[in-house]
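Breakdown of the fold
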Amino acid sequence: MKKNVLSLSIAAMIGGLGFAGAASAGVAFESTAAVTSTQAGTLGATNATVLQVSPDGIGHNLLVPYYSVQEGNGTLLSIVNTDTKNGKAVKVRFRGAANSDDVFDFSLFMSPGDVWTANVSKDTATGLAQIYVPDNTCSLPRRAVLNATKFKTDRVFGATDAAKAGETLEGYVEIFNMADIPPQVPTTAGVVADGGTAASANALFTAIKHTSAGTNPCGLATSDATLPAAVLKLANDPTLTSITGSAAAADREALLNHGFWMPSTGLTGSWTILNIAGASVAWSGNMTAVEARVSAGGAPGLGRVVFSPQKDTTVVATAINSLTSDPLLRNTGVSPSTAIIEAAQYDLPDMSTPYLTAAAITAAGVVAAAPGTTASDAPVLQGKLLTQALAVKNVLNEYVTNSAISAATDWVFSMPTRRYAVGVNYKFAAPATGPSAVFNASAAQQITAGNDVSPYFTAVNTKMGTGGTSGNPTYQACVEPGGNVTAFDQEEATASGEFVVSPGTTKKVVFCGEVSILTFNATSSLQAKIAPKNIDAGFVNGWLNINTAGLANAGLPIVGSSFVKMTGPVVAGKSTNFSLTQPHRFTR
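All values reported here derive from a predicted model rather than from experimental measurement. (Residues numbered from 1 in each chain as written. Predicted model: local features only at pLDDT ≥ 70, side-chain atom pairs only at ≥ 80, totals over all residues. Heavy atoms only, no water.)

1. A few points about the packing of aromatic side chains
- On inspection of all chains with the given rule, the structure shows 19 aromatic pairs.
- On the numbers, 6.5 Å between centres and 50° between planes, the contact of Phe-109 with Phe-307 is tilted. Note that Phe-109 is positioned in strand 7 (residues 102–110) and Phe-307 in the loop between strand 17 (288–293) and helix 8 (358–363), a separation of 198 residues in sequence.
- For the pair Trp-283 and Phe-563, a centre-to-centre distance of 6.0 Å together with 65° between the ring planes defines the contact as edge-to-face. Taken as a pair, Trp-283 in strand 16 (residues 281–286) and Phe-563 in strand 33 (residues 561–571) lie far apart in primary sequence, 280 residues in all. Here Trp-283 and Phe-563 have matching classes, each one buried.
- Cluster of aromatic residues (ring-pair linked, three or more members): Tyr-67, Phe-94, Phe-104, Phe-106, Trp-116 and Phe-151. (Phe/Tyr/Trp six-rings, centres within 6.5 Å; stacked < 30°, edge-to-face > 60°. Helix = DSSP H or I, 4+ residues; strand = E, 2+ residues; numbered from the N terminus. Buried < 20%, exposed > 50% of the residue type's maximum accessible area, 1.4 Å probe, protein only.)

2. So, the pattern of salt bridges
- Considering all chains together, one arrives at 16 salt bridges under this definition.
- The closest approach of N and O atoms between Glu-291 and Arg-293, which form a salt bridge, is 3.1 Å. Of the two residues, Glu-291 and Arg-293, neither departs from the other in class, the shared state being buried. (Salt bridge = Lys/Arg side-chain N within 4 Å of Asp/Glu carboxyl O.)

3. A few points about the state of the cysteines
- Throughout the structure, instances matching the rule amount to 2 disulfides.
- A disulfide bridge connects Cys-138 with Cys-218, and the sulfur atoms are separated by 1.8 Å. Between Cys-138 and Cys-218, the disulfide has an S-S torsion of 95° and is therefore right-handed. Of this pair, Cys-138 sits in strand 10 (residues 138–140) while Cys-218 sits in helix 5 (residues 217–220), and the two are 80 residues apart along the sequence.
- Here Cys-138 falls in the buried class, since its relative accessible area comes to 0%.
- Put simply, Cys-478 and Cys-512 are joined by a disulfide, and their sulfur atoms are 2.0 Å apart. (Disulfide = S-S within 2.5 Å.)

Written as structure tokens, this is what we have:
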């Protein structure tokens, strides 16, 4: 289909700013056998064994390191399915900057070669973030519902409604391919059959496919009842149940009956943060792509199907531990559930839902004690493998704070896998106790140097903010990077050590919040409110090396960029504002 992505995105932004304007257990299917028919060709078996950051920007999963609608900012998103053969069932989840709490999520069903665009802005009436989607791509909930629904505050911390609304204004975005949607499925005598000798059109593929006019049945739907039958089936058919491990032939036929098969690579995307109300500047970049591969450095592979309906039905207590490592969703007992947050179907999948082959996850190491069985270990190990793929030991970038050009610099440090090792429990027994960190392991395991649960985030380096003069919010988990900071000017001069981070007198750089913003020399380009910290770099302009060795020199899973804003002289009565986006450079 043909789209002018930029014009659509800008139209979306203007529309979104101009008008005030989601849900039984998830599935984790692995196929150990290909499905073949003489007409449909071969639908391959799960063969992905590793997760790696893709330098080409195309993958199974995508990460937007930062979105913001603070102080006149708006965020544009564009997701592209570069697979011109298969559709994709895609999960999109917005998480808050403080502690990675879910603030908005939905499912997309992208056709081959499809582009989905959206704008995120602030609703001035409620103070909440909101999304505006001008796009015909099929979604659950449908587009009209997405555009009419503000971001959610059920999971965030705040003493008032206004404070909770503020927690939706910044964060990051997870995007992942839950399943491929092939154009044909194998059949025998017109019935879907694993290994059938003929092929029939995939009803779900037909329902999401755009016509030459750029429309599809979803775009024409005026209510849920008018959505295509194959799309409604995904929301209402209860036969998709929680299955871990290898899928038998009957299970694979159930997937094919819903139009799904093992997820392949092919997703890419971009993000843009614009500030029109104030500085009239924009920052943009490519989404970070994570690819499931057959081997380290090898070809892209096929993952497990991890589709879960977009419903609020509670996931059964005995199933949740095999589907997520989120410590607030996991059940520490058996039945009834002792989870801090009762997981609903829309909570799944997340980035810890087992995506690789069972053999690959097992080979990564089985946790000796908690959280228990091998099936329960799988999401914890998946989270560990993903964190390992993103982990870096040093973050390097430039900064500019020259007052002659009103320069301001912010660095974004997004740690998108921290939630799969530690969450924050706001449901404390008494106000005196305050929010507390919840880990995926016992205290004894957390302090073991070689623990298999998370060598990246434990009680040793991850603590709750202390508040008071230190300025670290008491409801945010804070991570100590583990090393010193070295600043350089532009003429070889250096300054190193533990820099004073203000406000307060704490002489160490700490990353408070899931998305931590570091401002330089009391300047700020992004005007972040949730987790900003200022550093006096010692020089007006230069570059900085932050050691992020973490625990046992394992590194920390950081993605992000430097955001620079500058203002030049007035020319012909017009302001001359400039902006730069410089992705962080790393050592691993």
